[in-house]
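Residue-level listing of the chains:
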Amino acid sequence: MDVRRRAVKPLHASKHISSGEPLKPHNQDSSVKASDALPLPLYLTNGLFFTMFFSVMYFLLHRWREKIRDGIPLHVLNFSELVAMFSLIASVIYLLGFFGIGFVQSFVSKGNNDSWDVEDEAPGQFIDTTVTSPPVRRNIPMKSVPVDENAAQIITPYAGEDDEVVIKSVVEGRIPSYSLESKLGDCKRAAFIRKEALQRSSGKSLDGLPLDGFDYESILGQCCEMPIGYIQIPVGIAGPLLLNGNEFSVPMATTEGCLVASTNRGCKAIYVSGGATSVLFRDGMTRAPVVRFGSAKRAAELKFFVEDPMNFETLSVVFNKSSRFARLQNIQCAIAGKNLYMRFSCNTGDAMGMNMVSKGVQNVLDYLQNEYPDMDIIGISGNYCSDKKPAAVNWIEGRGKSVVCEAIIKEEVVKKVLKTEVAALVELNMLKNLTGSAMAGALGGFNAHASNIVSAVYLATGQDPAQNIESSHCITMMEAVNDGKDLHISVTMPSIEVGTVGGGTQLASQSACLNLLGVKGANREAPGSNARLLATIVAGSVLAGELSLMSAISAGQLVKSHMKYNRSCKDVTK
């Protein structure tokens, strides 16, 4: 927890236990300020000294000009000039004391906070700027932060009490469950008490949900609120995947039998055929706010203004100041009556970038509000982005990383490793992935099971699993080459949304999987290259998964494989 939170004046612990009264927020400071001693309100005092400064400056300049013109020495002063000089000095001293010190303090504070700023590389979720609680420094155990004796009463009012007392207080509603971390100062103990209170209030057992073996401080204010434990998802390894001349062991978190084994077989077929090649041809995260005007004409005027190349440079400067890595690429507009949707696209470095692009968009909206005061901002997201929903705009325009990956599988490999024929695979792909998907009215679903591999890799590497929806947009193509002997297979994925910093990527298990792939954290020499490499690995893994599953279907092995590897002999009735 941030040490600044500990400056709150402590209240008696028993008062909170009995009444459930929350602690006074840290930002409601009742201390006496120096400005309270001023004879006038602060804004009137500032205005008075500003007026004095400019008035006497004008008077003295006017007098000095007359002296120079009449040949009178400047150091010869009359009474009015002496008063003016005294007033000038007084106003300068006040203005420097009031504004100068504050400016220096804010500058120094900003410099000292640079090491705490993770927002540029933390795209897991949108940060609500209306929350007034202080930032939380990540991955630092709370017990290691020194506190004074009085502050300890705030953070750990129940540290010396028996857990049973606190559990009963939570069950009876006298202590809010969400406040346990801040009141106890021990995240694991808070999770234990919350879990026990939930079991008692619901009457349901949670014995199968583990509590030990997890660093709860690492998710505080970052990944999950009100934790009561963690779930177990096994992680398997597929590979090596030979991609662009490099070998990768791909971690996959899944509970589906056959998935890792099937992807591993596809990796083997690609490896012995010489490897796969991938190309990233577009990289840009999007956010699309919706604004409304009084008429469609005014909405069209803003559309023309935003899309005018002459104005793009100005909007880019406004947008890019939100982050060291955010770089605005383009703005695509769409009109629905008097409503305007503006789809911003920007590069976001190694972060997935939702938080980053949202901050930049907010800056531009604030700027446009001054130019178009009649603009009504309905929402920073108008679903024209489009995030976590299947949408044609992502399928056509792309979102995140757009990647195409291909490989040529030799005839003998198709026969010996995949147990099928090239012609059978090409025909199956045409009738299943292309024609069948078209008959079903698929949107970006012209593949066998791209979502399977994307979800497994996302869970293992700390990506947002909900973004599997648009990230699994994929079209699988197969074609016989080299006189019909060999198989050319490719996957085109226009909206892979991944990052190697922020969100779940900072958790220990997910960080280890990223490290296995060689893409952990931010790349300081080439910002964004780690996230782009991860996107190509995802596409390469999908290629392997598509190749193996299609071969299993073509050879009639799908049901047999799942009956062997995806069936449990355990009696679920016991």
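The text that follows walks through the structure, step by step, so that each part is easy to find. Here the residue numbers are simple positions, counted from 1 along each chain's written sequence. Note on the predicted model: pLDDT of at least 70 is required for a residue's local features to be given, and 80 or more for side-chain atom pairs to be given and counted; whole-chain, interface and lining totals, by contrast, use all residues. Excluding hydrogens and water, the side-chain figures rest on all heavy atoms present in the structure.

What follows deals with the pattern of salt bridges. Just to be clear on terms, a salt bridge is a Lys or Arg side-chain nitrogen sitting within 4 Å of an Asp or Glu carboxyl oxygen. What the rule picks out here adds up to 19 salt bridges. The partner of Glu81 in a salt bridge is Arg63, and the shortest N-O contact between them spans 2.9 Å. Remark: Arg63 occurs in helix α2 (residues 42-70) and Glu81 occurs in helix α3 (residues 79-112); sequence separation between them is 18 residues. Overall, Arg63 belongs to the partly exposed group, its relative accessible area being 22%. Here Glu172 and Arg174 are joined by a salt bridge, their closest N and O atoms 2.6 Å apart. Residues joined in a network through salt bridges with shared partners are Asp387, Arg399, Glu470 and Glu497. Only DSSP runs of H or I with at least four residues qualify as helices, and only runs of E with at least two residues qualify as strands; both kinds are numbered from the N terminus onward. Partly exposed describes any residue whose relative accessible area lies between the buried limit of under 20% and the exposed limit of over 50%, with all areas from a 1.4 Å probe on protein chains only and scaled to the type maximum.

Its place among the elements puts Ser179 in the loop between α5 (163-171) and α6 (180-184). What makes Ser179 buried here is its relative accessible area of 9%.

Before going further, it helps to spend a moment on the side chain of Thr461. Relative to the elements of secondary structure, Thr461 occurs in helix α15 (residues 450-461). N or O atoms within 3.5 Å of each other form a polar contact, as long as, within protein, one can give a hydrogen and the other can take it, and as long as residues adjacent in sequence are counted only when both atoms are side-chain atoms. Separated by 2.7 Å, the side chain of Thr461 and the backbone oxygen of Val457 make a polar contact. We call two residues in contact when some of their heavy atoms are within 4.5 Å. The residues contacting Thr461, other than those within four sequence positions of it, are Pro251, Thr505, Gln510, Cys513, Leu514 and Leu517.

Moving on to the layout of surface pockets. Method remark: on a 1 Å grid restricted to protein atoms, a set of points is classed as a cavity if a 1.4 Å probe fits but cannot get out and as a pocket if it is open with protein on both sides within 12 Å along at least five of seven lines; lining residues have an atom within 4 Å of a point. Grid points are joined across faces, edges and corners, and a volume is the space filled by probe spheres set on the points. Taken as a whole, the second largest pocket encloses approximately 1,100 Å³ of empty space. Taken together, 41 residues line the second largest pocket, and the ones lying closest to its centre are Phe214, Leu459, Gly504, Leu507 and Gln510. For the lining of the second largest pocket, the elements supplying multiple residues, two or more each, are α15 and α17 (508-517). Broken down by class, the residue content of the lining of the second largest pocket amounts to 21 nonpolar, 17 polar and 3 charged. Three classes are used, and their members are as follows: Ala, Val, Leu, Ile, Met, Phe, Trp, Tyr, Cys and Pro are nonpolar, Asp, Glu, Lys and Arg are charged, and the others, Gly among them, are polar.

What follows covers the packing of helix α10 (residues 309-320) against helix α11 (residues 354-371). Here, axes are lines fitted to C-alpha atoms. For helices the fit covers the stretch in contact, and angles between N-to-C directions go from 0 to 180 degrees. Relative to each other, α10 and α11 sit at 125°, their axes nearing to 7 Å. Relative to α11, the element α10 lies oblique. Where α10 crosses over α11, the handedness of that crossing is right-handed. Contacts from Thr314, Leu315, Val318 and Phe319 in α10 reach Val357, Gly360, Val361, Asn363, Val364, Tyr367 and Leu368 in α11. Tallied by class, the residues present in the contact of α10 with α11 amount to 8 nonpolar, 3 polar and no charged. Throughout this description, any angle smaller than 35 degrees is read as roughly parallel, any larger than 145 degrees as roughly antiparallel, any in the 65 to 115 degree range as roughly perpendicular, and the remainder as oblique. What makes a crossing left-handed is the near helix being turned counterclockwise from the far one by less than a right angle; a clockwise turn instead makes it right-handed.

Topologically, Ala555 is positioned in the loop between α18 (529-554) and α19 (558-565). Owing to a relative accessible area of 30%, Ala555 belongs among the partly exposed residues under this scheme. Considered as a pair, Ala555 and Glu421 are 134 residues apart in the sequence and their alpha carbons are 8.5 Å apart. Those residues in contact with Ala555, other than ones at most four positions away along the chain, are Lys419 and Thr420.

In plain words, nonpolar cores are sets of buried Ala, Val, Leu, Ile, Met, Phe, Trp, Tyr and Cys residues tied together by side-chain atoms within 4.5 Å. By size, the foremost hydrophobic cluster in this structure holds 52 residues, and its most contacted members are Met252, Ile409, Ile496 and Val542. Per-element tally for this core: the top contributor is α18, with 11 residues. The contacts of Val542, once residues within four sequence positions are left out, are Ala450, Ile453, Val454, Cys474, Val491 and Met493. One finds Val291, Met352, Val357 and Val364 within the second-largest nonpolar core, a separate group that totals 30 residues.

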